[in-house]
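Fold and geometry: a report
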Number of protein chains: 2
Amino acid sequence: MSLQTPTATTPIILTGDRPTGPLHLGHFVGSLRNRVTYQDQYRQFIMLADAQALTDNMDDIGKVHRNVIEVALDYLAVGIDPAKSTILIQSQIPELAELTFYYLNLVTVARLERNPTVKQEIILRGFERDIPAGFLTYPASQAADISAFKATIVPVGEDQIPMIEQCNEIVRKFNRNAGRDILVECKAIVPEVGRLPGIDGKAKMSKSLGNTINLGASADEIRAAVKMVYTDPLHLKVSDPGHLEGNVAFLYLDAFDTDKEGLAEMKAHYQRGGLGDSVVKKRLEGILQDMLAPIRARREELAKDKGQVMQILKEGTIKAREVAARTTDEVRKALGLSYF
Amino acid sequence: MSLQTPTATTPIILTGDRPTGPLHLGHFVGSLRNRVTYQDQYRQFIMLADAQALTDNMDDIGKVHRNVIEVALDYLAVGIDPAKSTILIQSQIPELAELTFYYLNLVTVARLERNPTVKQEIILRGFERDIPAGFLTYPASQAADISAFKATIVPVGEDQIPMIEQCNEIVRKFNRNAGRDILVECKAIVPEVGRLPGIDGKAKMSKSLGNTINLGASADEIRAAVKMVYTDPLHLKVSDPGHLEGNVAFLYLDAFDTDKEGLAEMKAHYQRGGLGDSVVKKRLEGILQDMLAPIRARREELAKDKGQVMQILKEGTIKAREVAARTTDEVRKALGLSYF
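Residues numbered from 1 in each chain as written. Chains lettered and ligands numbered in written order. Predicted model: local features only at pLDDT ≥ 70, side-chain atom pairs only at ≥ 80, totals over all residues. Heavy atoms only, no water.

Note the threshold: UniProt positions are given in the numbering used here, feature names are shortened, and annotations may be inferred rather than shown by experiment.
If you look chain A up in an unreviewed UniProt entry, it shows as Tryptophan--tRNA ligase from Telluria mixta. Taken directly from UniProt, the Sequence similarities (unreviewed entry) text for chain A runs: "Belongs to the class-I aminoacyl-tRNA synthetase family."

Right, dumping it as structure tokens:
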């Protein structure tokens, strides 16, 4: 089943990114790679969440705008096909803000404050008592995004599951008030390959931690990054036995090396001793260079005509807006907010 | 200066009501009467805040819808002239929700929780810990309504002044981030005649307290209500001296009796003793009957063609939406959320 012939039962996926910087290997493993598969099985909406990105970037307004095109280039470069996936810009669909506005009445402040994802993000971003209201209420916004497209599947990280639960609570409450099922509940799917650690071994590859390898990285940048990849601090001499736990070089090989047999042999050798980090890193670098070279080439090619990329975003947004507008119309009618 | 020839310096007023029930004498004294005057001096937008009314009426959706037309009838019956004032339905201008969405990033949760008006309303409505998020954040929504029309004057009750301060904080913060003055600060004006007490002497005339006289009340309803008007509980016999403090009959006469001299005499007589409540109430009833009869007649006439009233609301909403859309466009551009 492909997007070309979606039926009423084709599952609908909503996914996306906050465009605050170019995407990296962590995104590739955690989501982009899957989206390329999903687009042949599901009706897929991919959202550039620029309005949501503003919740904590109000003081650097240009950043979000600039990165919309960068992230779109990453999407297209990895093989997301606008003929199969609908790529949209969140802010250009005001119906999403309108739905958020209504959903805010369906969730209490206490419930938002109890949301574990929100709690964690508040700590992570150092908001403490100065939480922007838009940040506390972003589960309502996310519920708007998901339900506007009647998405039934939302791929998320483990830590985002409470957001999906809260979305479904809003959906159920709305349908109960309306007396009929207008909105659709969704299911979280957590990708098998979990989060990719940063090159420094920190739990999360993240732009703000400066431990990423970007999808558009040059050959030199890849080489330099692999050199810095964290391995085993106890593996001082080649002859020492090496450890695999927390060894980022091997974690990356697990994620990207398709020669599982060769990799198993290398691991055994490393653990026995007698295998230097440089050999492991050479293998890793080769794999990453091979994998990223065509992505980089496509990205550079696409970047030559940004007008064309913008046109793709425009068409996707128009298509997505039609869907969101239909849902919003149903919501407005159910709320008795329909007059003329 | 009239609406027909508004200049760049014509002050713009935003005012309105939550359509949760027909309007009453309290509204007439506190706002409607003034709006009839304002419409000749200012560019006036009058908003039927149906979306805002949902913040605490999500469980009775039909109520808000039904009352939009009732309140519109009250407006037109008291002399609000759609050729001079622009009457609009909030929910039909999705730009207001969009602006709210952005403004939520410009106000912290702590600041909203400190807002005295919000605090008081939370107690009044018995929300306690179950405050709907839409209720806590309604200052952002109100800031959206005011700033969308670039209103410079907002008539409010004394207790609503913190809302205007919060609106101006958001406006300043937005302009500072944008690096230029896109939004306009507004000034609160508090009407001279304060709040009208309910017929039972309670501080507030309010539908939920059941102590109102509606603008569309029948002659019999007015008569019955005046009979129940709270006077002086110590004034047992006609010969007893009567008190004016908290005496609703005299408070209403203060508000509606244009014969100030006759009223002063009556007050003196009442205080001396020898004047029965029935005489005072007869005077009050006469005045209210005279005042409300033409309003009721116009209201009944207008109610015969609700399609015509809806047409007025539609035209006002279209006109208002053009203004709000222009502002929202400027806001979106300033936030870097403009692409195509």
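That was the structure; now back to the text.
1. As for the overall build of chain A
Put simply, the rule is: Labels follow the DSSP assignment, with helices taken as runs of H or I lasting at least four residues and strands as runs of E lasting at least two, numbered in each case from the N terminus. Restricting the calculation to C-alpha atoms gives the radius of gyration, and the globule rule supplies 2.2 Å times the number of residues raised to the power 0.38. Burial here depends on accessible area, computed with a 1.4 Å probe over protein chains only, as a share of the maximum for the residue type. Under 20% is buried, over 50% is exposed, and the range in between is partly exposed. Only heavy atoms matter for contacts: two residues are in contact if any of them lie within 4.5 Å across the pair. Calculation of accessible area relied on Shrake-Rupley with a 1.4 Å probe; when residues are assessed, cover is drawn exclusively from the protein chains displayed. Here the positive residues are Lys and Arg and the negative ones are Asp and Glu; neither His nor the chain ends is included. Lysine's charge is taken at NZ, arginine's at CZ, aspartate's at CG and glutamate's at CD.
Of the regular secondary structure elements, chain A holds 14 helices and five strands. Taking 340 residues into account, the globule formula puts the C-alpha radius of gyration at 20 Å, and chain A, at 22 Å, falls close to it. For chain A, the spread of C-alpha atoms along the principal axes amounts to about 80 × 45 × 40 Å. The buried share of chain A, taken over its 340 residues, is 56%. Look at the contacts in chain A between residues 6 or more apart in sequence, and 77% of them connect residues 24 or more apart. For chain A, the computed accessible surface area is about 14,500 Å², with 53% contributed by carbon and sulfur atoms. A gap of 2 Å separates the mean positions of the 42 positive and 44 negative side-chain charges of chain A.

2. A look at the interface of chain B and chain A
Test applied: By buried area we mean the combined loss of accessible area, with a 1.4 Å probe, across both parts when two parts are placed together. Salt bridges are defined as contacts in which a side-chain nitrogen from Lys or Arg sits within 4 Å of a carboxyl oxygen from Asp or Glu. Note on residue categories: nonpolar means Ala, Val, Leu, Ile, Met, Phe, Trp, Tyr, Cys or Pro, charged means Asp, Glu, Lys or Arg, and polar means any other residue, Gly included.
Counting from both sides, the interface comprises 50 residues of chain B and, opposite them, 50 residues of chain A. Buried area between chain B and chain A, summed over both chains or domains, comes out near 4,500 Å², and the portion from carbon and sulfur atoms is 69%. In this structure, the connection of chain B to chain A is made through zero salt bridges. Of all the secondary structure elements, the ones that give two or more residues to the side of chain B that touches chain A are helix H2 (50–53), helix H3 (61–78), helix H4 (95–103), helix H5 (109–114), helix H7 (133–136) and helix H14 (306–334) of chain B. The element best represented in the side of chain B that touches chain A is H14 of chain B, accounting for six residues. A class-by-class count of the residues in the side of chain B that touches chain A yields 28 nonpolar, 14 polar and eight charged.

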